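Per-entry structural report
Given next are the chains, with one letter for each unit.
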Amino acid sequence: MGIKTTVIVNGIQYESIQEAALHFGVLMQTAARRLRSGWTPEQAFGVAKKRERVAHNATDIHTSRGTFKSIRALAEFVGIDEGTIGSRLRYGWTHEQAAGFSNHPNRPASDDITLTCEGLQFNSWADLAANFGKREQLVSKRLRSGWTPEQAVDLEEPPPRFRRFDGSPRNHLWREPTVLDGKLLPGAPAGSYRLYVVRNKVNNREYIGITTNDLKARWRGHVRLAKLGRKSKFYNAIRKYGAKNF
């Protein structure tokens, strides 16, 4: 039975998504998913060019081998983990160095750094930390992550937790979380939550979860956490049986 949702494609009305899907030769489930994700009817049924997916770390990266629209795109091109490239950029590496197209910078010793904070000059991270009664390890970590000296010693508000690699804020669902049935959930609009089931094909056991993310991205996250050693019956099972068996 088709999903009784009237849909208009190129000015023509169809009585259901199934009817339109049959007309344009698209799987009904695919079309319905696309419409839920905000695609136009023309995009959902293949009449217009599909909406380009924008990576969460989208930012133009200019290198000698071309311009990349996101860290992910660069990572796929050079074969380096996107997290590694992102960390390099946060630590002040050039685009060429982060991509491995030129030698990486030598990490300066703490004693080789000159910092200015509140108009005062400090010759090392240790001097800066000691002057404001902070731990050197904490201050140096913050500075390497792109914090200003004033932010590193808590004289100014810290940068946005969820930010792009140029330091500007990035929209993130956890910025305004909500509480539902005693559980903290990302602040997403009604209708954007997805309930999903992951089934073990070997023993038919199931894991039930909820997400506001793309389902494929959520599964990649589960596999990543399993590889990192996260402890739970679900992640233990992924390690035991292999991701391909789910």
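The sections below set out a description of the structure shown in this document. (Residues numbered from 1 in each chain as written. Predicted model: local features only at pLDDT ≥ 70, side-chain atom pairs only at ≥ 80, totals over all residues. Heavy atoms only, no water.)

Details of the overall build of the protein
Across its full length, the protein holds 11 helices and 10 strands. Put simply, of all contacts in the protein between residues at least 6 apart along the chain, 24% involve residues at least 24 apart. Of the roughly 16,600 Å² of accessible surface on the protein, 49% is carried by carbon and sulfur atoms. (Helix = DSSP H or I, 4+ residues; strand = E, 2+ residues; numbered from the N terminus. Contact = heavy atoms within 4.5 Å. Areas by Shrake-Rupley, 256 points an atom, 1.4 Å probe, with all protein chains shown as cover.)

What about the environment of His104?
Inspection of the secondary structure puts His104 in the loop between α6 (95–99) and β5 (115–117). Note: C-alpha distance between His104 and Arg88 (16 residues apart in sequence) is 9.1 Å. Those residues within four positions of His104 in sequence are excluded, and the remaining contacts are Trp93 and Gln97.

Some words on unusual backbone geometry
Of note, Glu118 is a non-glycine position whose phi angle comes to about 55°, a positive value. Even without being glycine, Asn204 reaches a positive phi, approximately 65°. The topology assignment puts Asn204 in the loop between β9 (194–199) and β10 (206–211).

Topic: a nonpolar patch on the surface
A surface patch of nonpolar side chains, about 410 Å² in accessible area, is lined by Leu195, Val197, Ile208 and Ile210. The set of elements that each furnish at least two residues to the nonpolar patch consists of β9 and β10. Counting through the fold element by element, Leu195 comes out in strand β9. (Patch = residues over 30% accessible without salt bridge, like charges linked within 9 Å, V, L, I, M, F, W, Y side chains within 5 Å. Salt bridge = Lys/Arg side-chain N within 4 Å of Asp/Glu carboxyl O.)

Overview of the nonpolar core
Residues Val7, Val9, Tyr14, Ile17, Ala20, Ala31 and Phe45 are the most contacted members of the largest nonpolar core, which totals 13 residues. At the level of elements, β1 (7–9), α1 (17–24) and α2 (28–36) are the ones that each hand at least two residues to this core. Beyond its immediate chain neighbours, meaning those up to four positions away, Ala31 contacts Ile17, Val26, Ala44 and Phe45. (Core = buried A, V, L, I, M, F, W, Y, C linked by side-chain atoms within 4.5 Å. Buried < 20%, exposed > 50% of the residue type's maximum accessible area, 1.4 Å probe, protein only.)

Regarding the packing of helix α4 (residues 71–78) against helix α5 (residues 82–90)
The geometry of α4 relative to α5 is characterised by a closest axis approach of 9 Å and an angle of 120° between their N-to-C directions. Considering the angle they form, α4 stands oblique to α5. Two packed elements cross with a definite hand, and for α4 against α5 that hand is right-handed. On α5, the residues touching Ile71, Arg72, Leu74, Ala75 and Val78 of α4 are Glu82, Ile85, Gly86 and Leu89. In the contact of α4 with α5, the residues fall into six nonpolar, one polar and two charged. (Axes fitted to C-alpha atoms, helices over the stretch in contact; angles between N-to-C directions. Parallel < 35°, antiparallel > 145°, perpendicular 65-115°, else oblique. Left-handed = near helix turned anticlockwise from the far one by under 90°. Nonpolar A, V, L, I, M, F, W, Y, C, P; charged D, E, K, R; others polar.)

Structural notes on the pairing of β9
Bridge analysis of β9 against β10 gives six bridges, and the strand direction is antiparallel. Among the inter-strand pairings, Tyr196 is bridged to a residue of β10, identified as Gly209. Counted along the chain from β9 to the antiparallel partner β10, the turn is six residues long, and its residue Asn204 has a positive phi close to 65°. (Pairing = 2+ DSSP bridges.)

Focus on helix α8 (residues 136–144)
Along an α-helix, residues three or four positions apart point the same way, because every turn accommodates 3.6 residues. Within α8 the residues assigned to the buried category are Val139, Ser140, Arg142 and Leu143. Mapping the buried residues of α8 onto a view down its axis gives an arc of 160°, with all of them on the same face. With respect to the buried face of α8, the exposed residues turned more than 90 degrees away are Gln137 and Lys141. Looking one or two places after α8, you find Gly146, whose phi comes out positive at around 100°. (Arc of directions from axis to C-beta.)

Structural notes on the pattern of salt bridges
Using the criterion set out here, one finds five salt bridges in the structure. The salt bridge partner of Asp60 is Lys69, with a shortest N-O separation of 3.6 Å. Exposure remark for Lys69: the relative accessible area of 58% places this residue in the exposed category. In this structure, Lys134 and Asp154 form a salt bridge, with 2.9 Å as the shortest nitrogen-oxygen distance. Of this pair, Lys134 sits in the loop between α7 (125–131) and α8 while Asp154 sits in the loop between α9 (149–152) and β7 (178–180), placing them 20 residues apart in sequence.

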